[in-house]
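Summary of the model geometry
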Amino acid sequence: MSLFSRLFGKSPPAAEPPATRERVAGIESPPTPDPSIRAREEEASLSLAIVAGDMAVIGKWVLDGSSTRIRQMAARNVTDPDQLRELIPVTRHGKDKNVHRILTSRRDELLAEIRNTQQLQSDLEEAATAIARHSGRPFDASYPTTLAQLEARWCTLAPQAPPNLRSEVMQHLQRAHEVVVHHRQALEAETERQRSAAVAAAEARRQRELEAQTAAAAAAEQARIRDAERQALREAEQAQRAADEAKAHEILGLLRQARAALDHGGTARAARLRASITEKLADAPALPAWFARQLEQVDSRLAELQDWKTFRVVPKRAELVQRMQSLVGADLAPGELAQQIRQLRDEWRTLNRGAGEDPADELQQFQDAAGRAYEPCREHFARQAELRKENQERREALIERLANFAAEQAGEHPNWRSINQAIVESRREWRQHAPVDQAIVKPLQARFHALVGELQARLDAEYARNVQIKRDLIARTTEPLNLEDTRWATDETKNLQRTWKSVGIVPWNLDNALWDEFRQRCDAVFQRSSQESAAYAVTLEANEAQATGVCEELERIAGLTDESLLTAVPQLDELCAKFESLDLPRASARALQQRYSHATDRCAEAVRRHRAKAARRGWTDGFTAAARVRAYALATVQGRSPPECEALRASATSAIADLAHAPKAMRSILEQRLAAVAAGTVNLDVAANEAALRLLCIRAELISGASTPPEDLELRREYQMRRLVETMGHGERATPAELDDLALEWIAIGPVEPTVHDALLARFERCRAAG
């Protein structure tokens, strides 16, 4: 059944009887009166051939089967590579392409099995040879790791290995494990001796420190008790004086606050402060004589201000109600509208502080107007809430990914570099997903910081372990210095260096310092061979001179401009390859690397600036030439004199001819536009051309994210709606054009008024600069 039939549920048309073919024995097939009976007979014959393994009969049914099902069934059971090679060319151009595909798939599967068998034999021999070679090596720091890797690889291959090879490899593995056990026993004995000595020394030192601390603590405790008794007496004497002073100070402070509140018109606050003064006068200490006079003045001013405020509040309330009602349906941004509503509410609350009457009716009017005015703001703040919800979901997704990552790395062999990268990237992504609702931000932060903190703690522990390993290796570098055999000392130092490279990651701020110390000690061993050290020093000095020369040449090229810079660009790859191949002295390597990096960055920046400048100049010249062509077209529309039109045409032709850096497409469009103006076939509708330029400005603003002037906002909405309808009709998404494509469309538009064109071009150029 074809793919079309399977998708739409239709049965394929019945296969026509195949043309008469020769059978394997050269006898023609007799016609079958009923196709269904014939199909069953063919299927039974094919099944018997498959069971019997008769490849000749199976191959016959691949070619002579009356139905697609029989032919494909036979093709799936062909297993002889030679027969596959014969059948594939025969069925390549047949009607049933599926049979050809099945045969080619079977051929590929058989070839893959052969290749897999050959690769397995190669892997077995390689693994056995590596294990045998490793078992004869002396023990070093990398011996156990290499052995574990080789043994793990052999375990994956051993089930497919012959018995004699398995026996031989097992003997080599046993010998290698014995080397590891003997070395480990020697290390354990030495470690136990050192540990016992360290424990005894630490115990003696701890005992001396404990005795000194006990004596010092007893003396300090006696001194503290005496000081505490004297301090308690002083505090008891000062407590009473402080209490009286605090009460008087509090009452006087309340009086000052009440006077200040009256000065600012806060009658309600002044009234509350006056009531507090009355409560505290009951048990107050002696107060100054002026306190009673000022209290009477406060009472008098409070009564006057309350009477005046009641008189002033009534018209102000009506004004606030009117101002709030004016905000209903106001054309304001949601944020600004909410701010004004909030300000009017604050004024209303401030106005009613201390007033004596109940503004229930006016309050109802004010609240109703505020509710109607606030309606446009609800959608705005709903979108803000949706954004916070999306950020919350992104943070929760980040926490889930981080938790899954932490679970994946919880094994015995985590990828520490991936953990470090995950910590850095997750913190950066966490900061990007903000803001979030305050009610959920702290629980989310707690979960996130817990996961990151756990990963960071594990990473710090790995750092500490690796730092200690490297410090131990630094300490072991003193042993080769005491060996008399220089060659043996050099070999031991190289072994330490290989071990150093196998150690995991350490903090970047310690890596260089540890390496410098390790390198210095290793260099001390290597420098015992004066002849090699001198030769190496001479080589480094020559390399340093060559590197300096490369840097100077790069700096010279970075200072070039225009064509001289482009001429020197092919030298950059050669200079960079030469510098990268040099082994530099460690003392000057960092400075030279920084100088080289800075020089290459300057060269790249110079080339980029030159190309950007040429591109900008090309577009600027192109727009200038387009303006001249448009001026020539406008003169033609306005019916100016032939000499004036001819002068404008010559100016446009000259401008097009001088386009050295403009894109080829721009030159071609300008030449076509000039020819169209001369032939009189250009669009002379100035209004339509202006509308086309405005639409290009709007498209450029959509691409660059720039704002559209108010007079074109309706045109922008119409364009967006039209694009949406067009793409929905075709079932595809709108694809924005590039700004350069829009620029080519710009120069192809007909004449408009110069002032209008200049304003629209400035608007279009702002979009290009922003994009």
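To keep things clear, this report deals only with the structure shown in the data block. Remember, predicted model here, so these are calculated numbers, not experimental data. (Residues numbered from 1 in each chain as written. Predicted model: local features only at pLDDT ≥ 70, side-chain atom pairs only at ≥ 80, totals over all residues. Heavy atoms only, no water.)

1. Notes on the overall build of the chain
In terms of regular secondary structure, the chain is built from 27 helices and zero strands. Across the 771 residues in the chain, those meeting the buried criterion constitute 29%. Of the accessible surface of the chain, which amounts to about 48700 Å², a share of 53% is contributed by carbon and sulfur atoms. (Helix = DSSP H or I, 4+ residues; strand = E, 2+ residues; numbered from the N terminus. Buried < 20%, exposed > 50% of the residue type's maximum accessible area, 1.4 Å probe, protein only. Areas by Shrake-Rupley, 256 points an atom, 1.4 Å probe, with all protein chains shown as cover.)

2. Observations concerning the environment of E250
Note that E250 resides in helix α8 (residues 163–263). Assessed through its relative accessible area of 39%, E250 is described here as partly exposed. Through-space distance from the C-alpha of E250 to that of A284 is 9.8 Å; in sequence the pair is 34 residues apart.

3. A closer look at the packing of helix α21 (residues 586–638) against helix α22 (residues 642–657)
For any two helices packed against each other, one specifies the inter-axial angle together with the distance between the axes. Between α21 and α22, the least distance of the axes is 8 Å, while the angle of their chain directions is 160°. Judged by the angle between their axes, α21 and α22 are roughly antiparallel. Judged by the twist between their axes, the crossing of α21 over α22 is left-handed. Contact residues: α21 offers A625, R628, V629, A631, Y632, A635 and T636, while α22 offers C645, L648, R649, S651, A652, A655 and I656. (Axes fitted to C-alpha atoms, helices over the stretch in contact; angles between N-to-C directions. Parallel < 35°, antiparallel > 145°, perpendicular 65-115°, else oblique. Left-handed = near helix turned anticlockwise from the far one by under 90°. Contact = heavy atoms within 4.5 Å.)

4. Quick notes on a nonpolar patch on the surface
Side chains of M721, L724 and V725 sit close together on the surface and give an oily, nonpolar patch of about 290 Å² of accessible area. Within the element layout of this structure, V725 appears in helix α25 (residues 713–730). (Patch = residues over 30% accessible without salt bridge, like charges linked within 9 Å, V, L, I, M, F, W, Y side chains within 5 Å. Salt bridge = Lys/Arg side-chain N within 4 Å of Asp/Glu carboxyl O.)

5. Some words on the packing of helix α7 (residues 143–157) against α8
Between α7 and α8, the shortest axis-to-axis distance is 11 Å and the interhelical angle comes to 160°. It follows from the interaxial angle that α7 and α8 lie roughly antiparallel. Judged by the twist between their axes, the crossing of α7 over α8 is left-handed. Along the contact surface, α7 presents Y143, L147, E151 and W154, while α8 presents L165, R166, V169, L173, A176, H177, V179 and V180. Among the residues making up the contact of α7 with α8, the classes are represented as nine nonpolar, one polar and two charged. (Nonpolar A, V, L, I, M, F, W, Y, C, P; charged D, E, K, R; others polar.)

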